[in-house]
There are 2 protein chains.
Amino acid sequence: MKRIESAKNPQIKQWKKLQTKKGREQTGLFIIEGAHLVEEAAKAQMKFEALLITDESQLDKRWNMDKRHVYIVNGTVIKELSETDSPQGLVAIVQMRALSQNIAARGQWLLIDRVQDPGNIGTMIRTAEACGLTGVILGQGSVDLYNGKVIRATQGAAFHIPVIKADLLQVIDEFQANNIPVFGTAFEDATSFRDIEEQAQFALVVGNEGQGVAKDILSKCKQNLYIPIIGQAESLNVAVASGILMYALKPTRQ
Amino acid sequence: MKRIESAKNPQIKQWKKLQTKKGREQTGLFIIEGAHLVEEAAKAQMKFEALLITDESQLDKRWNMDKRHVYIVNGTVIKELSETDSPQGLVAIVQMRALSQNIAARGQWLLIDRVQDPGNIGTMIRTAEACGLTGVILGQGSVDLYNGKVIRATQGAAFHIPVIKADLLQVIDEFQANNIPVFGTAFEDATSFRDIEEQAQFALVVGNEGQGVAKDILSKCKQNLYIPIIGQAESLNVAVASGILMYALKPTRQ
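About the criteria used
Residues numbered from 1 in each chain as written. Chains lettered and ligands numbered in written order. Predicted model: local features only at pLDDT ≥ 70, side-chain atom pairs only at ≥ 80, totals over all residues. Heavy atoms only, no water. Phe/Tyr/Trp six-rings, centres within 6.5 Å; stacked < 30°, edge-to-face > 60°. Helix = DSSP H or I, 4+ residues; strand = E, 2+ residues; numbered from the N terminus. Buried < 20%, exposed > 50% of the residue type's maximum accessible area, 1.4 Å probe, protein only. Pairing = 2+ DSSP bridges. Axes fitted to C-alpha atoms, helices over the stretch in contact; angles between N-to-C directions. Contact = heavy atoms within 4.5 Å. Salt bridge = Lys/Arg side-chain N within 4 Å of Asp/Glu carboxyl O. Polar contact = N/O pair within 3.5 Å; in protein donor to acceptor, adjacent residues only side chain to side chain. Nonpolar A, V, L, I, M, F, W, Y, C, P; charged D, E, K, R; others polar. Expected span 1.5 Å × (residues − 1). Least-squares fit on C-alpha atoms with pLDDT ≥ 70 in both. Right-handed = clockwise from strand over helix to strand, strands pointing away.

(A) View of the packing of aromatic side chains. The tally for this structure, following the rule as stated, stands at 10 aromatic pairs over all chains. A ring pair is formed by Trp15 of chain A and Tyr71 of chain A, whose centres lie 5.4 Å apart and whose planes are at 85 degrees; its orientation type is edge-to-face. Separated by 56 residues along the polypeptide, Trp15 of chain A in helix H1 (residues 10-16) and Tyr71 of chain A in strand E4 (residues 70-73) bring together distant segments of the chain. Tyr71 of chain A shares its class with Trp15 of chain A; the two are buried. Where Trp109 of chain B meets Phe175 of chain B, the ring centres are 6.4 Å apart and the plane angle is 65 degrees; that geometry is what we call edge-to-face. With Trp109 of chain B in strand E6 (residues 108-113) and Phe175 of chain B in helix H7 (residues 168-177), the pair connects residues that are 66 residues apart, well separated along the chain.

This is the structure we're talking about:
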């Protein structure tokens, strides 16, 4: 174990750059904070570059942490790397997992088209994992997966389910070549989600908070689904809508 | 129309206090920002104490705004009252609507037990309104409805559906006295939401992000529901779970 006493330490300054997308992309590292996320990352055997704690008692044996990567620091150092108001005195630097860019276009997938809010993206990944989907595909123009807010909102689900960046138009072709139905979401020319059967395999495309799924994507889908709106709301929150649709399509009866 | 040129104007200082719960409770006023929320509030005939705009062209005739309540201000004044990074140059001070504290315990209601995140509460109100529920009841210990983040996440739904503060234990007794089934949410002693029929009338109780619904409330419910979790997640986000359950219980087939 090592000690770092100052937020101005050059190593801390390097890690602070991981708060930006550029810093993450240049190093393949990202920051997580709080005991829950550290535990989920350890369980998923993510590789830790560093674990920073303020007190040795925070170190849980089950994390199986290589002591050479553990740093004892003070609260100021934690605050420097944390993006939340009340960091729990626990921050880690974790290696991104190299994911195959070849998606076996089989199974049950959530495809995300240009969703902007990191909390929405994170919640959607959390729900996809909970619902037992095969994976999540982020199209161009969605928020970066390793954004701190996204990772916090996933509650660790991103360590347990493949989250892949890909061109959605191309991916949809691959699903359809494998005879796997691709469902878009739209209000026009669409079927109520209540009138759809559960699907052994599927791809579900959800889209941008204001504009929904892009037209060129919708026109490629086998069928578009909608959720009936009875009140005066113009739409549902995209993470809520995705949750309703994933649980409608995925067979989860035991 | 009047003009206010300085963020230090005493009236602006008074309104700034509405960013706190105490300030809102003392005056019965709250702040909204952005054209969409102003439009929703106007459509719902909420009473405007003031509408602050940076440019007269922002005034939409359909809002039917009493010109005596319109203030032309500069961007600094807007920023002073706004809680977002990119206010759209449009802020309004609106009167809370006096809601009857006598809930006719009939219809379809969402009951919220100690949910802490303002974004979650706002999203749940938005979903309840979209789903056509009768109203939402906030128990003790949930975030204040007029918190700026709650109102923004509702996207205006709070102007279209009753949102009432009440003692949940007492309210549940009233529903049950009227033979309206009250469904809790829990993982133990619970039924999968897939095995429940749509209900003409119901109350659905959802709870705190970490702890769920309080035990004394659960023990009063007619039946507890769960959403199957296939992955490694411990739970779903409460707004997503509420959305899935509201749409499962509410008859929305046309």
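On we go.
(B) The sheet that holds strand E3 (residues 48-53) of chain A, seen in detail. All names here are of chain A. What the 5 strands build is an open sheet, ordered E1-E4-E3-E5-E2; its pairing is mixed. The open sheet has two edge strands with one neighbour each: strand E1 (2-4) and strand E2 (29-33). The sheet shows a mean angle of 25 degrees between the axes of neighbouring strands, taken without regard to direction.

(C) Inspection of the interface of chain A and chain B at higher detail. The interface of chain A with chain B comprises 35 residues on the first partner and 36 residues on the second. Viewed at the interface, chain B and chain A are joined by 2 salt bridges. Linking chain A with chain B are 21 residue pairs in polar contact (both at pLDDT 80 or more), by the criterion used here. Broken down by secondary-structure element, the contributors of at least two residues to the side of chain A that touches chain B are helix H3 (35-43), helix H5 (118-130) and helix H9 (238-249) of chain A. When the residues that make up the side of chain A that touches chain B are grouped by side-chain class, the tally is 14 nonpolar, 12 polar and 9 charged.

(D) A look at H5 of chain A. Residues and elements named next belong to chain A. In this model H5 runs 18 Å from its N-terminal to its C-terminal C-alpha over 13 residues, within 8% of the 18 Å that 1.5 Å per residue would give. Of all the residues in H5, the buried ones are Pro118, Asn120, Ile121, Gly122, Thr123, Met124, Ile125, Arg126, Thr127, Ala128, Glu129 and Ala130. At the N-terminal boundary of H5, the capping side chain belongs to Asp117, with an oxygen 3.0 Å from the backbone nitrogen of Gly119. Looking one or two residues beyond H5, the residue adopting positive phi is Gly132, at roughly 85 degrees.

(E) Layout of the relation of the copies chain A and chain B. The two copies are related by a screw motion: chain A maps onto chain B through a turn of 180 degrees and a shift of 0.0 Å along the axis, at an RMSD of 0.0 Å. Such a turn and shift between the copies fits a two-fold axis. Same-surface contact between copies: 100% of interface residues of chain A are shared with the interface of chain B.

(F) Local environment of the pairing of strand E7 (residues 135-138) of chain A. Residue and element names in this part refer to chain A. Side chains Gly135 and Ile137 of E7 all project onto a buried face; the interleaved residues Val136 and Leu138 project onto the opposite face, where all are buried too. Examined bridge by bridge, strand E6 (residues 108-113) and E7 share 4 bridges and lie parallel to one another. Its bridge partner being in E7, Ile112 is matched across the sheet by Leu138. You can see the chain leave E6, run along H5 and come back into E7, and the turn it takes is right-handed. As paired elements, E7 and strand E8 (residues 163-165) share 3 bridges and run parallel to each other. Across the sheet, residue Val136 finds its bridge partner in E8, namely Val163.

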